[in-house]
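Coordinates in review
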Amino acid sequence: MVVCSSCGATNRDGARFCDSCAAPLGEVAPLREARKTVTVFFCDVSGSTALGERIDPESLRAVMARYFEVAKTILERHGGTVEKFIGDAVMAVFGVPAVHEDDALRALRAAEELRDGLGSLNDELERSFGTRLELRIGVNTGEVVTGTAERIATGDAVNVAARLEQAAPPGEVLFGEETLRHVRGAVEVEPAEPVAAKGKAEPVAAYRLVAVKAAAGPRRGGAPMVGRRRQRNLLEDTFANVVGERSCQLFTVLGTAGVGKSRLVAEFLGSLEDATVVRGRCLSYGEGIGYWPVTEVVKQLLRDGDGAGAALGTILGDESAAGSADEIAWAFRKLLEVHAAEQPVVVVFDDIHWGEPAFLDLIEHVADLSRDAPILLLCLARPELLELRPAWSGGKLNATNVLLEPLAPAESRELIEALLRAEEIDAGLRDRILDSAAGNPLFVEEMVAMLAEQDQAEVSVPPTIHALLAARLDQLDTSERHVLERGSVEGQIFHRGAVAALAPEETRIDGRLVSLVRKDLVRPERPVVADDEAFRFRHLLIRDTAYEGLPKAVRAELHERFAAWLNSHADELVESYELVGYHLDRAYRYRVELGPPDDAAHTLAERAAEYLLVGAERARARGDNGGVGALLSRAVELLPADSPERRAALVELAIVLTERGDFSGAEAARKEAGLAARAAGDDRVLARLLLAETEAQIMSSPDLTMRGALARAEQALGELERVGDEDGAAWALMLVGNFNAWLGSSAEAERLWLRALNRAEKVSPRRANEVRAWMIWALWWGPTFVDEGIRRCAEIKRQSTSKRLEATAMLIGGVLKAASGALDEGRVEAAAGRALFEELGDVVWWAGTSMVLGDIELNAGANERAYELLSDGHASLARYQETGYLSTVVGYRAQAALELGRVDEALELADETERLAQPDDFEPHARLRIVRARALGRRGEIDAADDLIRQAAEIVEPTDYMIMHLDLAFARADVDQLAGRMDGGRKALERAVEVAEAKGHRVAAERARRWSAEL
Ligand SMILES: Nc1ncnc2c1ncn2[C@@H]1O[C@H](COP(=O)(O)OP(=O)(O)OP(=O)(O)O)[C@@H](O)[C@H]1O
Ligand SMILES: [Mg+2]
């Protein structure tokens, strides 16, 4: 006896196809535990007690036996597996042994039939006992565990189905929310009172089944046709042949579920004129479905008064008629030919992958034997057809197969736009839909619809799609499924080696993989690990579906084993620590979901955290800050509250959050770290916290002075040296350097940075890169000669192992090139560096560095452009509530407004700069005075302007900020000129030339000379 893995029916030994659903019969699936979404059906008899009072127990038993039999027959016909009888109740599960894409609908069809169909049994009861049986039915869909030894399905969905049944009034069918999501459009429903269920805070939503619609509802559709021009043309050409040559053509459109076969054909048919179009559809299951599609076509073709003839009478249900398969095929062909003699006939057979062999034979018979009649046989099938019939339409001259590939990304995007109609969605979300749908229009449609219905910020697998894919995977034989699931643990792309490591008992992995490729579930992909092979799931959704079928305990074990496999390939993978940490973390999480963690689980958590922390540190060293915050947060969650690693990780997290402009999140992390460190007397972490806080406050709190910050950094330096934290000391020294620089002494800063670099290089590549980045910044504003700066930037960029350092070198190298006269080259390079910051997730840096690009444009006289860049930077920093870089950016923006002749605005921006700047942050204070001086000079207030220039000079002169010295000299010349003091102006410009030449700033020197000549 062979059990069909598709519908569960039993077949005789040696059968190759299932007698009841025609699916190919593979090996018998052994019991294997799996998670799957099934639909659970409960029904119970109401009134059986009353009946029991009226009739003899023996008769009652007979009546109940009849009822059970009727119920069982109906449920099984629709593909349900009847589980057990509890009292008078019947339970059935749709989705075991194999899931079908329409399990929920099958359950409701069975419910409807049973509700309405106790007919003859009831008539009998009425006559004999004056009573009727009435059924209460509850149906619910949800995730359960199947394949356990004890029960066919275990899970909350089962309990809810039972509750719905108990709550259903006699003669009614109630079903749950999730079921509705699977059958939307195919049933008529009414909302019912929500049902209270034990152990649930909220009552469960319930719906009353009115009726199941006869034909499956159409897909959502709703968007104009996208793409498919080539396939349309081919179809039209083929039809032209049919008409022109009066020949029969077999045209098969192949493609995975939802790729658009039916839609393509609908579009084609919509444009047809002068043709008889008839359609038939293969059903996924049902009684006597063999010729169903042919029957449908015949009914459409027979005209009043036509006799069907003996052969066709057989398939029309005429019990007196009898025809063999050949006779039926012959008669069918003749019928088509008669009609084709009048005008061309198009016969559409949809979903023929569900067709039975006799039906497929019939199509080939017509294609082979029809002569001199314009007939287009248009068949639609999923690629499974070729598993059933590898030679379909092969060897025929009049046959064409067309495979519908997924839509191109641009077409998918067009489809999303059309479906959203003008509605805005987040670009990230749109990209995730694009990614997950991978060109399948049905998936796109369902995901967009889910967004609209649930208003959620995430896309998950829509239930209907999940059912579709789960059904496809349940068709696989156990070993193929096994291999696919092991692959899904790695991700959308997986390696053969990993599968082998996770499935050591599997001896024929290569064969399975080839078969999975042939079934188009995975495709070969370039491996990341050398000497291995890799595969990519055709859809992320297929990978998710395969993965979700694994019980959590198995997932936990596989993730842990996969981490071990990864570890053995660590040197070939860039992000191996993150990856190992990620998989250990998954393993831990699943264990926690299944029950309170034991010692082994705690160890797992700590190992996971260890890897995540190394991963975070390495990512920081690469200057790739994008995912670092997540790695650190996760590690913090995994580590015990009193662990020193956790305290240290919290400090790192605070730093990362600061860099991303999340100042309040950073503060919370610091607070938590502070509490833990004080409780443990951890001086090292306390000193580091002081640094982290100082760094954050210098960016966010105008009250902290540069000198105050300097004092704190020096204090922390002492502490860190005392506790022997070399990396911490290098960090403190670096900050001491920074504050010196921001107080105006780049030369002193340079000395400090060199010392910091020396110490950092020995202990932390990441810290060393941070120090280098600050040294690069000083090449811009400090006394280093421009050409030398360009050379150093190029060298650092060449050697850099950190993206962030590279970005800084490009940015500053760019501004220096522009200063040297290579404007266009400099612009491009600086902009590329800045874009890299954005890509790396360094959003505060990205916004702050608008000052550098603004400087380039101001020097180039492109004032509009400068103003725009600086306004953008201003807005972004203000959004993060950053004030440190902002004061400089706003000062520059004031300068740009002034260059554009907007004097009032310039003055307002100068005022804003003053409010933002720390009292001893000399740069904004000097710049705002320069702007005010020039603005007031334009208003003729020369005395006030002179006074402001004097103030600015007092601030700038003690510093070695060469670019500020330049701006000062130009401002002085400007005010002198406005005052009519041409000699003064020339002198100021001489000073500008002097500074510019000392710095190697050719553009400024040139400008000063030109200006001087004009005076
Ligand atoms: N090229 C397209 N442009 C716009 N919408 C499309 C396109 N192709 C398909 N669709 C839409 O995507 C959905 C799925 O398409 P369709 O029903 O034709 O898929 P199918 O290949 O016939 O799937 P199945 O194998 O399940 O029958 C439909 O709503 C359809 O309108
Ligand atoms: Mg279709």
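Quick caveat: nothing in here was measured; it's all calculated off a predicted structure.

All right, on to the overall build of the protein chain then. For the protein chain, the helix and strand inventory stands at 45 helices and 18 strands. Taking 31 Å as the expected radius of gyration for a compact globule of 1015 residues, we find that the protein chain reaches 38 Å, considerably beyond that expectation. Summarising its shape, the C-alpha atoms of the protein chain cover approximately 120 × 75 × 55 Å along the three principal directions. Counting the 1015 residues in the protein chain, one finds 56% classified as buried. In the form shown here, the protein chain has an accessible surface area of approximately 42,800 Å², with 50% of it arising from carbon and sulfur atoms. Across the protein chain, the 121 positively charged side chains and the 166 negatively charged ones have centroids separated by 2 Å.

Turning our eyes to something else, we now look at the sheet that holds strand β17 (residues 522-525). A sheet is described by the order of its strands in space; here three strands give the open sequence β16-β18-β17, paired in antiparallel fashion. A strand with exactly one partner marks an edge of an open sheet, and here the two such strands are β16 (493-495) and β17. Neighbour to neighbour, the strand axes of the sheet diverge by 35 degrees on average, direction disregarded. Bridge count for β16 against strand β18 (residues 534-537) is three bridges, and the pairing is antiparallel. Of the residues in β18, the one forming a bridge with H495 is A534.

With respect to topology, five strands assemble into an open sheet ordered β12-β13-β14-β11-β15, the strand pairing being parallel. Whereas interior strands pair on both sides, the edge strands pair on one side only; in this sheet they are β12 (276-281) and β15 (399-403). Neighbour to neighbour, the strand axes of the sheet diverge by 15 degrees on average, direction disregarded. Inspection of the sheet shows strand β11 (residues 248-254) paired to β15 by five bridges, in the parallel sense. Across the sheet, the residue bridging to T252 is N401, located in β15. The sheet contacts of helix α8 (residues 261-270) involve β11, β12, β13 (345-350) and β14 (375-381), and relative to β14 the element is tilted by about 155 degrees.

So, on to the pairing of β12. Residues T276, V278 and G280 point to one face of β12 and are all buried, whereas V277, R279 and R281, pointing to the other face, are not buried. Sheet topology places β12 next to β13; six bridges connect them, and they run parallel. Looking at β13, one finds that V277 is bridged to V346.

Here the focus is the packing of helix α35 (residues 823-839) against helix α37 (residues 850-859). One can describe the packing of α35 onto α37 by two numbers: an axis separation of 10 Å at closest approach and a directional angle of 170 degrees. Considering their axes alone, α35 and α37 lie roughly antiparallel with respect to each other. Contacts from L823, G826, R827, A830, A831 and R834 of α35 reach α37 at S850, L853, I856 and E857. The residue inventory of the contact of α35 with α37, partitioned by class, reads five nonpolar, two polar and three charged.

Time to look at empty space enclosed by the protein. In total, this model carries six cavities of 30 Å³ or more according to the counting rule given. Counted as a void, the largest cavity has a volume near 460 Å³. Forming the boundary of the largest cavity are 30 residues, of which E659, E695, W774, R804 and W845 lie nearest the centre. When contributions to the lining of the largest cavity are tallied by element, the ones reaching two or more residues are α24 (599-621), α26 (644-659), α28 (683-700), α30 (726-742), α32 (765-781), α34 (803-820) and α36 (843-848). For the lining of the largest cavity, the per-class residue count stands at 16 nonpolar, seven polar and seven charged. By volume, the second largest cavity amounts to about 370 Å³. Along the wall of the second largest cavity there are 23 residues; nearest its centre are W742, W781, M851, Y885 and T888. Among the elements of the structure, α28, α32, α36, α39 (884-899), α41 (922-938) and α43 (962-978) are those that each provide at least two residues to the lining of the second largest cavity. Considered class by class, the residues forming the lining of the second largest cavity number 15 nonpolar, five polar and three charged.

Let us look at the packing of aromatic side chains. What the rule picks out here adds up to 22 aromatic pairs. On the basis of an interplanar angle of 15 degrees and a centroid distance of 5.1 Å, the ring pair of W781 and Y961 is categorised as stacked. Taken as a pair, W781 in helix α32 and Y961 in the loop between α42 (942-956) and α43 lie far apart in primary sequence, 180 residues in all. No difference in accessibility class separates W781 from Y961, as the two residues are buried.

Turning next to unusual backbone geometry. Look at the link from V96 to P97: it is a cis peptide, with omega at -5 degrees. Among the structural elements, P97 can be located in the loop between β5 (89-94) and α3 (103-117). You will see that D372, though not glycine, has its phi angle at about 55 degrees, which is positive. Along the polypeptide, D372 turns up in the loop between α12 (357-369) and β14. Backbone geometry places S393, a non-glycine residue, at a positive phi of 60 degrees. When you line up the elements, S393 lands in the loop between α13 (384-388) and β15.

The next point concerns helix α29 (residues 706-722). Here α29 is 17 residues long and its end C-alpha atoms lie 24 Å apart, about the 24 Å a rise of 1.5 Å per residue gives. Looking at α29, one finds that the buried residues are M706, A709, L710, R712, A713, A716, L717 and L720. One side of α29 holds all its buried residues, which, seen down the axis, span an arc of 165 degrees. In this structure, α29 carries R707, Q715 and R722 as exposed residues pointing more than 90 degrees from its buried face. At the exit of α29 stands G724, carrying a positive phi of roughly 75 degrees.

Attention now goes to α42. For α42, with 15 residues, the first-to-last C-alpha span of 21 Å sits near the 21 Å given by 1.5 Å per residue. Where the residues of α42 are buried, they touch α41 and α43.

Looking now at the pattern of salt bridges. Evaluated as defined, the whole model comprises 94 salt bridges. Notably, a salt bridge pairs E364 with K396, separated by 3.6 Å at the nearest N-O pair. Taken together, the residues span a long stretch of sequence, with E364 in helix α12 and K396 in the loop between α13 and β15 at a distance of 32 residues. We note that E364, like K396, is buried. In this structure, D725 and R688 form a salt bridge, with 2.7 Å as the shortest nitrogen-oxygen distance. With D725 in the loop between α29 and α30 and R688 in helix α28, this residue pair connects regions lying 37 residues apart in the sequence. Residue D725 shares its accessibility class with R688, and that shared class is buried. Salt bridges sharing partners connect three or more residues here, namely E617, E652, R684, R688, D725, D727, R766, R767 and E770.

Relative to each other, helix α7 (residues 229-245) and α8 sit at 50 degrees, their axes nearing to 10 Å. Taken together, α7 and α8 sit at an angle that is classed as oblique. Viewed along their axes, α7 and α8 form a crossing whose handedness is right-handed. Facing Q231, R232, L235, E236 and F239 of α7, the residues of α8 in contact are L264, E267 and F268.

Let's shift gears to the nonpolar core. It is characteristic of soluble globular proteins that their nonpolar side chains tend to be buried jointly. Membership of the largest hydrophobic core comes to 158 residues, with the highest contact counts inside it found for F739, W742, W753, W777, W780, W781 and I812. Contacts of W777, omitting those with residues within four sequence positions, involve T808, L811, I812, W845, T849 and V852.

Within the secondary structure layout, T238 lies in helix α7. A distance of 2.7 Å separates a polar side-chain atom of T238 from the backbone oxygen of L234. Those residues within four positions of T238 in sequence are excluded, and the remaining contacts are Q249, F251 and L376.

What follows covers the side chain of H495. Within the secondary structure layout, H495 lies in strand β16. On the basis of relative accessibility, which here comes to 3%, the residue H495 falls in the buried class. Not counting the four nearest positions on each side in its chain, H495 is found in contact with E490, P527, V528, V529, D532, E533, A534 and W565.

Attention shifts here to the pairing of strand β6 (residues 134-146). Across the 13 residues that make up β6, a large majority, 10, are buried. With 13 bridges connecting them, strand β3 (residues 34-46) and β6 associate as antiparallel partners. Bridging from a neighbouring strand, C43 pairs with I137 of β6. Where β6 meets strand β8 (residues 173-176), three bridges bridge the pair, whose relative direction is parallel. The residue bridging G138 from the neighbouring strand is L174, located in β8. Inspection of the sheet shows β6 paired to strand β7 (residues 153-154) by two bridges, in the antiparallel sense. Within β7, the residue paired with V145 across the bridge is T154. Once β6 ends, the chain turns through six residues before running back antiparallel as β7, passing G147 with a positive phi of about 80 degrees.

Criteria and thresholds
Residues numbered from 1 in each chain as written. Chains lettered and ligands numbered in written order. Predicted model: local features only at pLDDT ≥ 70, side-chain atom pairs only at ≥ 80, totals over all residues. Heavy atoms only, no water. Helix = DSSP H or I, 4+ residues; strand = E, 2+ residues; numbered from the N terminus. Rg over C-alpha atoms; globule rule 2.2 N^0.38 Å. Buried < 20%, exposed > 50% of the residue type's maximum accessible area, 1.4 Å probe, protein only. Areas by Shrake-Rupley, 256 points an atom, 1.4 Å probe, with all protein chains shown as cover. Lys, Arg positive; Asp, Glu negative; His and termini not counted. Charge placed at Lys NZ, Arg CZ, Asp CG, Glu CD. Pairing = 2+ DSSP bridges. Axes fitted to C-alpha atoms, helices over the stretch in contact; angles between N-to-C directions. Contact = heavy atoms within 4.5 Å. Parallel < 35°, antiparallel > 145°, perpendicular 65-115°, else oblique. Nonpolar A, V, L, I, M, F, W, Y, C, P; charged D, E, K, R; others polar. 1 Å grid on protein atoms, 1.4 Å probe; cavity = no way out; pocket = protein on both sides within 12 Å on 5 of 7 lines; lining within 4 Å. Points joined across faces, edges and corners; volume = space filled by probe spheres on them. Phe/Tyr/Trp six-rings, centres within 6.5 Å; stacked < 30°, edge-to-face > 60°. Expected span 1.5 Å × (residues − 1). Arc of directions from axis to C-beta. Salt bridge = Lys/Arg side-chain N within 4 Å of Asp/Glu carboxyl O. Left-handed = near helix turned anticlockwise from the far one by under 90°. Core = buried A, V, L, I, M, F, W, Y, C linked by side-chain atoms within 4.5 Å. Polar contact = N/O pair within 3.5 Å; in protein donor to acceptor, adjacent residues only side chain to side chain.

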